[in-house]
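# Structure at a glance
As a plain string of letters, each chain reads:
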Amino acid sequence: MSQNLQTGGKLRPVDLARRHGLSTQAVRNYEEAGILPTAERTASGYRVYTLLHARALAAFLALVPGHGHATATAVMQAVNRGAVDEAFQLVDESHARLLHDRRTLRAVEDALRGLTAESAGTDAAGFRQMFIGPLAEELGVRPATLRKWEAAGLVRPRRDPVTGYRVYEPSDVRDAHLVHQLRRGGYLLERIAPLITQVRTAGGLEPLEGALRDWRGRLSDRGRAMLRGAAALDAYLVELG
């Protein structure tokens, strides 16, 4: 890439693609999606990219591991249309989600450590009684997902005798958070059921220690990836001037 820039600062789609192991079509798709700024065209219609486009592509690819494809796309689209504050807000919201995930994992760990054979199912420090709507919103899932978990025996809310509404006691909320974490970790519902049973019977944390360690590692990886993404995004903003 350096040699190409030294010969006039013009890059072909293949120059950008090769550097990142992408296809030229992927580079064109990123431009059409607004992830890259619009390229100038030669008289014959060929795209001409520059260092600015190289910085934009590097920023997008660096943002994806920490923020996800959808957020990384939205950030770059906002920057490229001049809405930098909107891009910063998207980044802030992504950091807030990471912080929420850290706090949720810590609450699950604390609740599990406090379980005993006598208190399992009733003692869930850090959680509160909730209805299905607020719980679904807190987890970022649909109420239908919670009903699916209930049908699978993963959560067991009681029914209010007057209204018939589902009432999730603190222990149910704890279980729902644990199920959510396991689902985010790629666990299938049938693999989660034995772990939930283990929690309810206060059999100890040992069956979960590996999963909890993996979650903490993934959260740390996301945080580090966000730092790399921020550095690449800043380089692009500097290039934009």
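Presented here is a report on the structure given in the accompanying data block. (Residues numbered from 1 in each chain as written. Predicted model: local features only at pLDDT ≥ 70, side-chain atom pairs only at ≥ 80, totals over all residues. Heavy atoms only, no water.)

So, on to helix α7 (residues 132-139). Listed in full, the buried residues belonging to α7 are Ile132, Leu135, Ala136 and Leu139. For α7, the arc enclosing every buried residue in end-on projection is 100°, short of the 170-degree limit, so these residues lie on one face. Buried residues in α7 make contact with β3 (130-131), α8 (143-151), β5 (166-168) and α9 (170-184). Looking one or two places after α7, you find Gly140, whose phi comes out positive at around 75°. (Buried < 20%, exposed > 50% of the residue type's maximum accessible area, 1.4 Å probe, protein only. Helix = DSSP H or I, 4+ residues; strand = E, 2+ residues; numbered from the N terminus. Arc of directions from axis to C-beta. Contact = heavy atoms within 4.5 Å.)

This part is about the sheet that holds β3. Overall, antiparallel pairing links the three strands, which are arranged β3-β5-β4 in an open sheet. Where the open sheet ends on each side, the last strands, each with one partner, are β3 and β4 (158-159). (Pairing = 2+ DSSP bridges.)

A word on the environment of Leu189. Of note, Leu189 is situated in helix α10 (residues 189-200). Residue class for Leu189 comes out buried when judged on its relative accessible area of 18%. The spatial distance from the C-alpha of Leu189 to the C-alpha of Lys148 is 9.7 Å, given a sequence separation of 41 residues. With near-sequence residues (within four places) excluded, Leu189 lies in contact with Lys148, Trp149, Leu154 and Arg183.

Of all hydrophobic cores here, the largest spans 28 residues; its most connected members are Leu135, Leu146, Trp149, Leu182 and Ile192. Breaking this core down by element, the ones donating at least two residues are α6 (84-113), α7, α8, α9, α10 and α11 (206-240). For Trp149, the residues in contact, after removing those within four places along its chain, are Leu139, Leu154, Val155, Ala176, Val179, His180, Arg183 and Leu189. Counting 27 residues, the second largest nonpolar core, distinct from the first, contains Ala17, Ile35, Val91 and Leu233. (Core = buried A, V, L, I, M, F, W, Y, C linked by side-chain atoms within 4.5 Å.)

What follows concerns the environment of Gln77. Within the secondary structure, Gln77 sits in helix α5 (residues 69-80). Judged by its relative accessible area of 27%, Gln77 is partly exposed. Counting along the chain gives 42 residues from Gln77 to Ile35, while the straight-line C-alpha distance between them is 5.4 Å. If we ignore the near neighbours within four places in the chain, the residues touching Gln77 are Ala33 and Gly34.

Helix length check: helix α4 (residues 51-67) (17 residues) gives 24 Å between terminal C-alpha atoms against 24 Å at 1.5 Å per residue, within 8%. Of the residues making up α4, those classed as buried are His53, Ala54, Ala56, Leu57, Ala59, Phe60, Ala62, Leu63, Gly66 and His67. Following α4 by one or two positions, Gly68 adopts a phi angle in the positive range, close to 90°. (Expected span 1.5 Å × (residues − 1).)

Pairing between side chains becomes possible if they bear opposite charge and their charged atoms approach one another. Applying the stated criterion across every chain, the model contains ten salt bridges. The salt bridge partner of Arg55 is Glu239, with a shortest N-O separation of 3.8 Å. Here Arg55 is found in helix α4, whereas its partner Glu239 is found in helix α11, with 184 residues between them in sequence. Its relative accessible area of 34% is what places Glu239 among the partly exposed residues. Here Glu169 makes a salt bridge to Arg158, at a shortest N to O gap of 2.7 Å. With Glu169 in the loop between β5 and α9 and Arg158 in strand β4, this residue pair connects regions lying eleven residues apart in the sequence. When its relative accessible area of 24% is taken as the criterion, Glu169 is described as partly exposed. In the salt-bridge network here, residues are joined through shared partners; they are Glu31, Glu32 and Arg47. (Salt bridge = Lys/Arg side-chain N within 4 Å of Asp/Glu carboxyl O.)

Any functional reading would require information that these geometric values do not contain.
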